[in-house]
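Given next are the chains, with one letter for each unit.
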Amino acid sequence: MIYADKNEILRQLCYLRAFGYRYINPSFGSQIYSDVSTDITELENQIKNCNLCDLCKSRNHALTGSGDLNSKVMFITDTPSVSEDISGRYLEGSAGDKFCTLVKQNLGLSKDEFYVTSIIKCKTPSNLAPSLINYELCKPYLLSQIDIISPKVIVALGENVFLNLINESEQKQSFESIRGNLLKFKSSNLLATYSPAWVLKNPSKEQALIQDLKNIKGLL
């Protein structure tokens, strides 16, 4: 509970700092944080027009989410790739194509039959790693998406995604020890596995990704 409270305070302070505040009334942060919509259309408009951090200056598109809003499975990536930023669509390029093929082969779902989004909605410039404030400012959008879609299974594609979703006690375990296991996140099951980009660079991990996908097939 203490960790959750600290995390909430940090998110609120990040929002306020993004708006240029240096000194605040402690109750003011909650108002900004609660402004994230619980309606999917309004939420997507908020994301597309978001300017809370510097990533808005270099993006081509702020990506929202795509696929079936009634899907039982939600895949979450880290940040949009260069090709995704250009097209404004998720799972573009070689890594995305490969992942969609694996999902079709092992879960029987085409790209329009599952839901996919990312924690950070804008591409970072020159492939730089996102900062803590990028994650903290974007995460409320993702949490609202999870509440709206209410998937039976959430698949965190990559270590960064997983570590930005779980709580402090689970962070003490390594990604490799957690990967492939089902955890609880809100009212959903949470599974961590390798990202499509990582598998493309490390083909030896493909079989592990395939097995992880098979592990959730019975839940869908």
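Residues numbered from 1 in each chain as written. Predicted model: local features only at pLDDT ≥ 70, side-chain atom pairs only at ≥ 80, totals over all residues. Heavy atoms only, no water.

A few points about the pairing of strand β5 (residues 182–185)
Then comes step 1: Here β5 shows one buried face, formed by Leu-183 and Phe-185, and one open face, formed by Leu-182 and Lys-184.
Then comes step 2: Across four bridges, the pairing between β5 and strand β6 (residues 188–193) is antiparallel. Its bridge partner being in β6, Leu-182 is matched across the sheet by Leu-191. (Buried < 20%, exposed > 50% of the residue type's maximum accessible area, 1.4 Å probe, protein only. Helix = DSSP H or I, 4+ residues; strand = E, 2+ residues; numbered from the N terminus. Pairing = 2+ DSSP bridges.)

Considering empty space enclosed by the protein
Then comes step 1: Counting across every chain of the model gives one cavity of 30 Å³ or more.
Then comes step 2: In this structure, the largest cavity encloses a volume near 100 Å³.
Then comes step 3: Taken together, 15 residues line the largest cavity, and the ones lying closest to its centre are Cys-50, Cys-53, Arg-59, Cys-122 and Cys-138.
Then comes step 4: Broken down by element, the lining of the largest cavity gets its largest block of residues, four residues, from helix α6 (residues 132–149). (1 Å grid on protein atoms, 1.4 Å probe; cavity = no way out; pocket = protein on both sides within 12 Å on 5 of 7 lines; lining within 4 Å. Points joined across faces, edges and corners; volume = space filled by probe spheres on them.)

Topic: the packing of aromatic side chains
Then comes step 1: A full pass over the atoms with the stated rule returns four aromatic pairs.
Then comes step 2: Arranged with centres 6.1 Å apart and planes meeting at 65°, the rings of Phe-175 and Tyr-194 form a pair that is edge-to-face. Highlighted residues: Phe-175 in helix α9 (residues 175–178) and Tyr-194 in the loop between β6 and α10 (196–201), separated in sequence by 19 residues. Of the two residues examined, Phe-175 and Tyr-194, each falls in the buried class.
Then comes step 3: Here a set of aromatic residues connected by ring pairs shows up, and it is made of Phe-75, Phe-99 and Phe-114. (Phe/Tyr/Trp six-rings, centres within 6.5 Å; stacked < 30°, edge-to-face > 60°.)

Worth remembering: the numbers are spatial, not functional.
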